[in-house]
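Residues per chain, in single letters:
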Amino acid sequence: MNDRIKFSGHTMGAPQWDIYQIIKEFKKIGYDGIEVRVAADGQINSETITDAECRKIRAAADKEGMEFSCLVSYYQNFVNLEMRDSVIKNLKRVAEIAHILHCPLIRVYGGVEPFSTAIPVEIKDAKGKKQTVIGGGTWFCDCWSRTVSGIREVAKYAATLGVGVAVETHVGSITMSIRDTVRLIQDINMENVGILFDYAWVELAGVESGAQAVYAAAPYIVHCHVKDWTLEQRFPIKKKSCLMGKGTVRWAETLTALKEVGYTGYISDEYEKYWYPKELPSTEEGMGHNLNFVKSFVLGETKKATQKAAAKPAAKKAAKPAAKKVAKKK
């Protein structure tokens, strides 16, 4: 684990550049490292890239004094038994790439929601009339246990490479809240598994918010995402992506709390230019703004996140040892 907070840019903020240009441009913006989108249309495609190309990328980053903070792939479904083996195999390959790049973490989704496994079923009503309903699916307990065992298998392999697994708090998974993410990590019970703290989604989940979320997650956080949006409607979700500090996410309180608990990992700007190319300013302008905004809270002098939250002292004390424990196998 780092001995200070570092800052990385997520490559979804620069879909127009390849990984080599990103290494140079992100350094100009002021980042310490790079978080790489790993996908067929990302800067790294884990299913086609060779070890030799990985070493070439690492050499380019070393030349510029840049690190890789996390590899972000999209393999998610541990529940569907026809997909499960492929998901685990591909995530192990991502861990191998991370090892070559000297990248300490890979992002893993907390599985899929049980209802997402449901399928349309045609039935007949009492009068014999056909109608389509949503049926099938997977029981929550099965969804949970398959996700736990799947991530554990990936984590065991990643540990042999010195790579950690960061389970993200994210919509569409069973780990959107801190409550559920902590429980999942405790059930996985691996030293190299921690939380990728994507606070914007935690807030939207509605279980914890602001400093409360940070204090609850602190002993397990190994990586952080930041992004902002204006929330217009919660159900169904309707939001508009924007620059940090311009939206409705409670970042001032949350970033201040991260500083208070002594977090020393990477904070990564998940600038959503890939998803919203027309809504957001240029990569240089937007990511430059976001970096300065985040630094103003976690490096500058700020007010206490809250004067309440009785759990704060315990969380602050536990955060550093837990983070180091996770990092031992990186």
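For the structure given in this document, a descriptive report is provided here. Residue positions are counted from 1 within each chain, in the order its sequence is given. With pLDDT at 70 or above as the cut-off, local features in this predicted model cover only qualifying residues; side-chain atom pairs require 80 or more to be listed or tallied, and sums for whole chains, interfaces and linings still use all residues. The basis for every side-chain value is the complete set of heavy atoms in the structure, and neither hydrogens nor water enter the calculation.

### What about the pairing of strand β2 (residues 33-37)?
Each residue is assigned to one of three classes by its accessible area relative to the maximum for its type, calculated with a 1.4 Å probe on protein chains only: buried under 20%, partly exposed between the two thresholds, exposed over 50%. Note on conventions: DSSP H or I runs of at least 4 residues are helices, E runs of at least 2 residues are strands, and numbering of each starts at the N terminus. Across the five residues of β2, five count as buried, placing the element largely inside the fold. Neither face of β2 is open: one carries Gly33, Glu35 and Arg37, the other Ile34 and Val36, and all of them are buried. With three bridges joining them, strand β1 (residues 6-10) and β2 adopt parallel strand pairing. Counted as the bridge partner of Ser8 is Gly33 from β2. At least two DSSP bridges between two strands are required for those strands to pair.

### What to know about the pattern of salt bridges
When a carboxyl oxygen of Asp or Glu lies within 4 Å of a side-chain nitrogen of Lys or Arg, that pair is called a salt bridge. Within the structure shown, the criterion is met by 14 salt bridges. Between Arg4 and Asp32 there is a salt bridge, with its nearest N and O atoms 3.9 Å apart. With a gap of 28 residues between them, Arg4 in the segment before β1 and Asp32 in the loop between α1 (19-29) and β2 connect regions that are remote in the sequence. According to the relative accessible area criterion, Arg4 is partly exposed, its value standing at 41%. Taking the shortest distance from any N to any O, the salt bridge between Arg93 and Asp51 comes out at 2.9 Å. Of the two residues, Arg93 is situated in helix α3 (residues 84-101) and Asp51 in helix α2 (residues 51-64); the sequence distance between them amounts to 42 residues. In the salt-bridge network here, residues are joined through shared partners; they are Asp51, Arg93 and Glu96.

Geometric descriptors of this kind do not, in isolation, establish any biological role.
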